[in-house]
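These are the residues of each chain, in order.
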Amino acid sequence: MKLSYASYVITLLSPGKTAASNLSRAHRQLRSLQEDGALDVDSSMSFAYFSAQDDDGDDDDESGKSKSGKSSKTVCRDSFLLDAKAESSFYEEEPNPCSGTTINIPDEECDEYTRPQSGANITEGYVGGLDHPSVPYTEPFYQSAMCPINVRWHLGTEHYSVDEYDEGGDGPNGNQVLPEWATRDLAESDDNDDDDENVRGGFRCHHYDEADEKFTKEFDWKHCKDMEVGETYEVHWTHSAGGDCGTVHQYQTPFLDGIFCNAERLDLTVLTSQVGIQGQVFTVVNDEAYFYPDLMRGMIVTVDGEHGHDVAIYTGSTTGSSRSNEDCSSYTPITWQVDRKCHMISASSFDKMCYDMKMQRDDMSGDLHAHGSRELVHDKYVANNQYDKATRE
């Protein structure tokens, strides 16, 4: 009797074994069964793997070491699920209630504008220079009517956190300089904005070390586009009470379709508790010790206080390289909750996120790459309502 692929994968996961050990053993046994004709694999399934084998091509033993003694990890490849999606009745064509619901609001000249902007300096102790009555939502977004409706990321960072991601960081493509009007002592100085119409990168973290292989070893990207090991990316999870929360249409690209899918639910008088964005910054490494399996769903918050605890909260706007200190976003005020720390994360975590995006009902292919970063917002356009999650002040 032949085994089906799915039933065999379930039966080979042994209790007490590590994930790497189970998957390494699965790789060897599945390959052997397929060669012997004992495994029934439908021809429409690509039957592939995240197989980070050693340079000499050796397989792993159960200790996670290759036969040559080198360390290696293996993670199951998922392309057979994408093939299954193409045939699934759950993905049959039907009207997307969020498609085309974007409400287009033109940008405004910043000097004529009095509503807060992002991304800002979020260093502890910083206070923006714009006196604005908006009040940020300070509780976790899951305690509100909001749900995540999109995930996207930017090359470098749009926010600025001293000694975490700033002009002193580095990466394979260098870094941004601190604008002349900005000073590290958080004081406001004369405006000297750059006029950069091109897609641009933001600030970088301080983790990068070109002598350390995990920052330089290439990764075989299968789902994300134009990503690079060693680079810094700022991930944004947009949340909205106007999203199609709890349905197959919850995640949307473009993200404004997700925000305004059910626009009638949004109360503009309390918009900061109805639309919000989580931000978290990562340096991508080729090292599975930093693998996180569910990056699509929201900011990583760990019990040890390392991730998602030192968080700056303020009201601001949507971002992107089309905005500057001359052209300001009109999608404001909304709540921002941004982790001040930079974290390392495996390239496979990002690729898994891109795979999860591909599995959504809506086509999210427009967000499978890094977007350009807005230049650091001038102090005079940043609201003065900063709130610190850790100190509750």
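Presented here is a report on the structure given in the accompanying data block. (Residues numbered from 1 in each chain as written. Predicted model: local features only at pLDDT ≥ 70, side-chain atom pairs only at ≥ 80, totals over all residues. Heavy atoms only, no water.)

Structural notes on the nonpolar core
Cut-off, in case you're wondering: Only buried residues count toward a nonpolar core. Its members are Ala, Val, Leu, Ile, Met, Phe, Trp, Tyr and Cys residues joined through side-chain atoms within 4.5 Å. We call a residue buried when its accessible area falls under 20% of the maximum for its residue type, exposed when it is over 50%, and partly exposed in between, using a 1.4 Å probe and counting protein chains only. Under the scheme used here, helices are H or I runs from DSSP no shorter than 4 residues and strands are E runs no shorter than 2 residues, and both carry numbers assigned from the N terminus. Contacts are assigned to residue pairs with any non-hydrogen atoms lying within 4.5 Å of each other.
With 33 residues, the main nonpolar core has Y165 and I259 as its most contacted residues. If you list the elements that add at least two residues to this core, you get β6 (147-155), α4 (255-259), β10 (275-285), β11 (311-316) and β13 (334-346). A total of four residues in this core trace back to one element, the largest contributor, which is β13. With residues up to four places along the chain from it excluded, the contact list for I259 reads I149, T238, S240, G242, G243, L266 and V275. Core analysis: the second largest hydrophobic core is formed by 28 residues, L295, V311, M364 and Y387 among them.

Considering the pattern of salt bridges
Rules: Salt bridge, as applied in this entry: a Lys or Arg side-chain nitrogen positioned within 4 Å of an Asp or Glu carboxyl oxygen.
Within this structure, the stated rule accounts for 10 salt bridges. The residue K222 makes a salt bridge to D220 at a minimum N-O spacing of 2.8 Å. Measuring nitrogen to oxygen at the nearest pair gives 2.7 Å for the salt bridge that ties D388 to R340. Here D388, found in strand β15 (residues 387-388), pairs with R340, found in strand β13; they are 48 residues apart in sequence, far enough to count as distant. A single burial state applies to D388 and to R340, both of which are buried. Three or more residues are tied together by salt bridges with common partners; here these are D310, R340 and D388.

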